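Structural description and commentary
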Amino acid sequence: EQIYKIKSSGINAEWPLRPGENIPGIENMPNVRDHDLSVYLRLQGSGLSVGGYEPHPDMLPEGVAKDFAFGLYELDWDTFGFNVENSTKRVPILEETGIKNTVCGPESFTPDHKPLLGETLGCRGFYQGCGFNSSGIMLAGGSGRELANMVVHGTTSIDMFSYDVNRYHPDTTNDQAWILERSHEAYAKNYAMIFIHDENLAKRDMRTDPLHDILLSRGCVYQQRQGFERPGWFVPDKTVSLEKKKYDWYGSYGNEKHMDYPYRDYLEEDYTFGYPKQFHTIGAESDACREKAALFNMSYFGKFYLSGPDAQAAVNYLCCSNVQKGPGSTAYTNMLNKNGGSETDLTVSHIEQCPETGNDRFYIAAGGSSSHRDMCHILNVIHDMKFDCTLVDHSADYGMLSLQGPESRSILEKICGADFSNASFPFSTHQLVDIAGHQVRAMRLTFVGELGWELHIPSSSLVDVYQTVMAAGKEHGIVDAGYRAIDALSSEKGYKHWHEDVRPDTTPLEAGMAWLVNPKLKTDVDFLGRSALEEQKKGGIKKRLVCFTVKSPVPLVTLEAIYRNEAVVGYIRRSAYGYSVGANVGWGYVEHPEKITLDWVRSGTYQVECMGEKYDAEVSLQAPFDPQNLRIKGEYEEYSKKYAQSHRLS
């Protein structure tokens, strides 16, 4: 038996391999991986190598000795017994088979069971390629190639965000308890079926905002992203306790597994490849946003201030869209790499000049799941281009609420006593307003396709502002809503998610976002990735992001194959049920070895393969919901006249 002891960034576990000798009847046995028993078996000569992932691995939180190299430990049979027992269930003859040898050494695991690749923030030119979670041989080829691309070209040829060494927020990597618990959970669930909405139970509530307990009392089922608790959805039964309990280590190490755990129960109802139990609950949040008003707590976003003599020059070079519109402007933009691929999407607001220096200042808001990586990208470009400016992380200092829906203007005018009309408060602008005696930066933006505003609020004022908005909105039918509703609303409206719709290996032109870059390409303002986009405009694109609406008895969960005229041309990158259009909405890139034209896209007959069945799909180059943006402008009557028959909402 060979056993590799596993150390994972603060956790150690054991992964056994076990070659027996001259085992009869296994000569033609295939390699076997049993996910239910959490073991695998591999033919090795006339014997058998056996490995597995036990729920109670041996851990070394302090790591191994500095001079430890290619050393071994004594095998702990109490730990390895789990794998012995389950191996004999799959291959009973092992009970009668002798053990040739045992080897026990350390192996590294990470908190999300993925490697660490890339350049280290704060130490330019120092690249990491480690933490391979017992998959080093399997992942070595592709990881080595992409690490070489990073060193030589400064970027990768494919999307590698899941492996990016900068994907973790520092609050998590500086917390040894988070590393220990999450690494254990990742190891123990290595062979578990992971569903699209899977949530961790280890080390919860480590990063919260002041609204956490209030929303919990209002039925919030939380999701965790980079250690931050954000609202997933809200259950109708407000009496149920949805607290996240202390990690029970899945009943290992003498811990009792939680028996009465409503939060876990709600999560497990979502672990299905069918429509989940809370399907209609999320639909009600979506409908409320479309019909009246919804308030989303998006405080997990990253918030940064960029200032200095070269601040304007820096954002001009970093952003692919026009961000030179003066104070009071807010722009949605992408930041590209030299190949024109999207390194991040975020909003950039030109705010008041620095009172001490008179320098320009910009307020940047970035999605919380990738905000640390976004910060690394910005800092690296500032360093490389030698811009005289400073980026400061103020994420913990501000909360963020997004008020969206037809009634949003009425609610804000009521509590602010100010004019929020199109003329006084145009789209893609921001103003400082007073809410309940607190200064709030209101931004006329939306990620759901409705009339709405983001409210950027000092964390100390977040509770007061939330309660004021909810109280004023009560007569307007306001509801709390979470990110599952945002996913549904944004998908049917065609708003892009970074790392799904747009990634470092896709350009804005391929993503159907020429509107974002064309105005700037018509100027002489240089920006990172410009030359690559100009070349692509000349030569044409060979893949294009398009929308598919599918009416199927099962939901799309991403990665479904896309067929055009019976031939596979791509796969679904992102999907959600569009409650307003009454169908699954999926977004995916279709590829063609030659230049893709819009006529080629429109002329095909499409199907999407879901759970082994092909379903007819309607293809579109634009969003299926309100493609003319009438609702964003507040033109609800015009929208009703135009789309009353095609959309469920009117």
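Here the structure is a predicted model, which means the values were calculated and not measured.

Turning our eyes to something else, we now look at the overall build of the protein chain. Secondary structure summary: the protein chain contains 16 helices and 27 strands in total. Expected size for 650 residues packed as a compact globule is a radius of gyration near 26 Å; at 26 Å, the protein chain falls within 12% of this value. Counting only C-alpha atoms and orienting by the principal axes, one finds that the protein chain spans roughly 85 × 60 × 55 Å. Burial statistics for the protein chain: of 650 residues in total, 57% are counted as buried. In the protein chain, of all internal contacts separated by at least 6 residues, the share reaching a separation of at least 24 is 67%. Element-wise, carbon and sulfur atoms account for 50% of the exposed surface of the protein chain, whose accessible area totals about 27700 Å². Taken together, the 65 basic and 87 acidic charged side chains of the protein chain have centroids lying 5 Å from each other.

What follows deals with the pattern of salt bridges. As enumerated under the stated definition, the model contains 29 salt bridges in all. Note that Arg 90 is salt-bridged to Asp 34, the shortest N-O span being 2.6 Å. Of the two residues, Arg 90 sits in helix α1 (residues 77-90) while Asp 34 sits in strand β3 (residues 32-34), which places them 56 residues apart along the sequence. One salt bridge in this structure joins Asp 205 and Lys 244, with 2.9 Å as the shortest N-O distance. Separated by 39 residues along the polypeptide, Asp 205 in the loop between α4 (176-188) and α5 (212-217) and Lys 244 in the loop between β10 (228-234) and α6 (262-268) bring together distant segments of the chain. For Asp 205, a relative accessible area of 30% gives the class partly exposed.

What follows deals with the sheet that holds β3. The strand order across the open sheet built from three strands is β3-β4-β5, with neighbouring strands paired in antiparallel fashion. Among the strands making up the open sheet, the edge pair consists of β3 and β5 (47-52). Direction aside, neighbouring strands of the sheet carry axes that sit 15° apart on average. Where β3 meets strand β4 (residues 39-44), three bridges bridge the pair, whose relative direction is antiparallel. Bridging from a neighbouring strand, Arg 33 pairs with Tyr 40 of β4. Those strands touched by α1 are β3, β4 and β5, and its axis lies near 70° from that of β4.

What follows deals with the side chain of Thr 333. Positionally, Thr 333 belongs in strand β13 (residues 330-336). A distance of 3.5 Å separates the side chain of Thr 333 from the backbone nitrogen of Cys 320, its partner in a polar contact. Of note is the side chain of Thr 333, whose polar atom sits 2.7 Å from the side chain of Ser 321. Apart from residues lying up to four places away in sequence, Thr 333 is in contact with Cys 319, Cys 320, Ser 321, Thr 344, Asp 345, Leu 346, Val 348 and Leu 516.

In terms of nonpolar packing, the biggest core is built from 61 residues, with Phe 296, Leu 401, Ile 435, Leu 455 and Val 469 touching the most fellow members. It is helix α11 (residues 462-473) that provides the largest number of residues to this core, a total of six residues. Residues contacting Ile 435, with those up to four places away along its chain left out, are Leu 412, Ile 415, Cys 416, Val 440, Leu 455, Val 465 and Thr 468.

Turning next to the state of the cysteines. In total, this model carries zero disulfides according to the counting rule given. The thiol sulfur of Cys 289 is not disulfide-bonded, and the nearest other cysteine sulfur, from Cys 220, lies at 16 Å. Summary of cysteine pairing: Cys 354 is not part of a disulfide, and the nearest cysteine sulfur, belonging to Cys 389, is at 13 Å.

Secondary-structure assignment places Glu 534 in helix α14 (residues 530-539). Given the relative accessible area of 31%, Glu 534 is considered partly exposed. Between the alpha carbons of Glu 534 and Leu 521 there is a distance of 7.8 Å; along the sequence they are 13 residues apart. One polar contact links Glu 534 to Arg 530, side chain to side chain, over a distance of 2.8 Å.

Under the 1.5 Å per step criterion, the end-to-end length of α11 is 16 Å for twelve residues, consistent within 8% with the ideal 16 Å. Of the residues making up α11, those classed as buried are Leu 462, Val 465, Tyr 466, Val 469, Met 470, Ala 472 and Gly 473. Each buried residue of α11 lies within a common arc of 165° when the element is viewed along its axis, so the set occupies one face.

All right, on to the side chain of Arg 373 then. Within the fold, Arg 373 resides in helix α9 (residues 371-385). Classification of Arg 373 as buried rests on a relative accessible area of 11%. Ignoring anything within four residues of it in the chain, the contact list for Arg 373 reads Phe 161, Asp 164, Asn 166, Glu 343, Trp 498 and Pro 504.

Pairing between sheet strands relies on hydrogen bonds along the backbone, with the strands arranged either parallel or antiparallel. Within the closed barrel, the six strands sit side by side as β22-β25-β24-β23-β26-β27. Their pairing is antiparallel. Pairwise comparison of adjacent strand axes, ignoring direction, gives a mean angle of 40° for this sheet. Relative to strand β24 (residues 567-578), strand β23 (residues 561-564) runs antiparallel, the two sharing four bridges. For Tyr 563, the partnering residue across the bridge sits in β24 and is Val 568.

Turning our eyes to something else, we now look at unusual backbone geometry. The backbone of Thr 558 sits at a positive phi, close to 85°, despite the residue not being glycine. Inspection of the secondary structure assignment puts Thr 558 in the loop between β22 (543-550) and β23. A positive phi angle, near 75°, is found at Leu 559, a position not held by glycine. The topology assignment puts Leu 559 in the loop between β22 and β23. Exposure remark for Leu 559: the relative accessible area of 65% places this residue in the exposed category.

Along any regular strand, the residues point their side chains to alternate faces of the sheet. Most of β13 sits out of view: six of its seven residues are buried. Across seven bridges, β13 lies against strand β14 (residues 342-351) in antiparallel orientation. Within the sheet, the bridge partner assigned to Thr 333 lies in β14 and is Leu 346. Between β13 and β14, which pair antiparallel one after the other, the connecting turn spans five residues, and Gly 340 there sits at a positive phi close to 85°.

As enumerated under the stated definition, the model contains 32 aromatic pairs in all. Aromatic pair Tyr 168 and Trp 178: ring centres 6.0 Å apart, planes at 75°, arrangement edge-to-face. With Tyr 168 in the loop between α2 (136-153) and α3 (170-173) and Trp 178 in helix α4, the pair connects residues that are ten residues apart, well separated along the chain. What makes Tyr 168 buried here is its relative accessible area of 9%. For Trp 178, a relative accessible area of 3% corresponds to the buried category. Taking 5.7 Å as the distance between ring centres and 5° as the angle between the ring planes, the aromatic pair formed by Phe 195 and Tyr 271 counts as stacked. You can see Phe 195 sitting in the loop between α4 and α5 and its partner Tyr 271 sitting in the loop between α6 and α7 (279-291), a full 76 residues away along the chain. Owing to a relative accessible area of 17%, Phe 195 belongs among the buried residues under this scheme. Of the aromatic side chains, those joined through ring pairs into one cluster are Tyr 53, Phe 109, Tyr 187 and Tyr 191. The ring of Trp 587 carries the charged tip of Lys 496 above its face, separated from the ring centre by 5.1 Å.

Reading guide: rules and limits
Residues numbered from 1 in each chain as written. Predicted model: local features only at pLDDT ≥ 70, side-chain atom pairs only at ≥ 80, totals over all residues. Heavy atoms only, no water. Helix = DSSP H or I, 4+ residues; strand = E, 2+ residues; numbered from the N terminus. Rg over C-alpha atoms; globule rule 2.2 N^0.38 Å. Buried < 20%, exposed > 50% of the residue type's maximum accessible area, 1.4 Å probe, protein only. Contact = heavy atoms within 4.5 Å. Areas by Shrake-Rupley, 256 points an atom, 1.4 Å probe, with all protein chains shown as cover. Lys, Arg positive; Asp, Glu negative; His and termini not counted. Charge placed at Lys NZ, Arg CZ, Asp CG, Glu CD. Salt bridge = Lys/Arg side-chain N within 4 Å of Asp/Glu carboxyl O. Pairing = 2+ DSSP bridges. Axes fitted to C-alpha atoms, helices over the stretch in contact; angles between N-to-C directions. Polar contact = N/O pair within 3.5 Å; in protein donor to acceptor, adjacent residues only side chain to side chain. Core = buried A, V, L, I, M, F, W, Y, C linked by side-chain atoms within 4.5 Å. Disulfide = S-S within 2.5 Å. Expected span 1.5 Å × (residues − 1). Arc of directions from axis to C-beta. Phe/Tyr/Trp six-rings, centres within 6.5 Å; stacked < 30°, edge-to-face > 60°. Lys NZ or Arg CZ within 6 Å of the ring centre and 35° of its normal.

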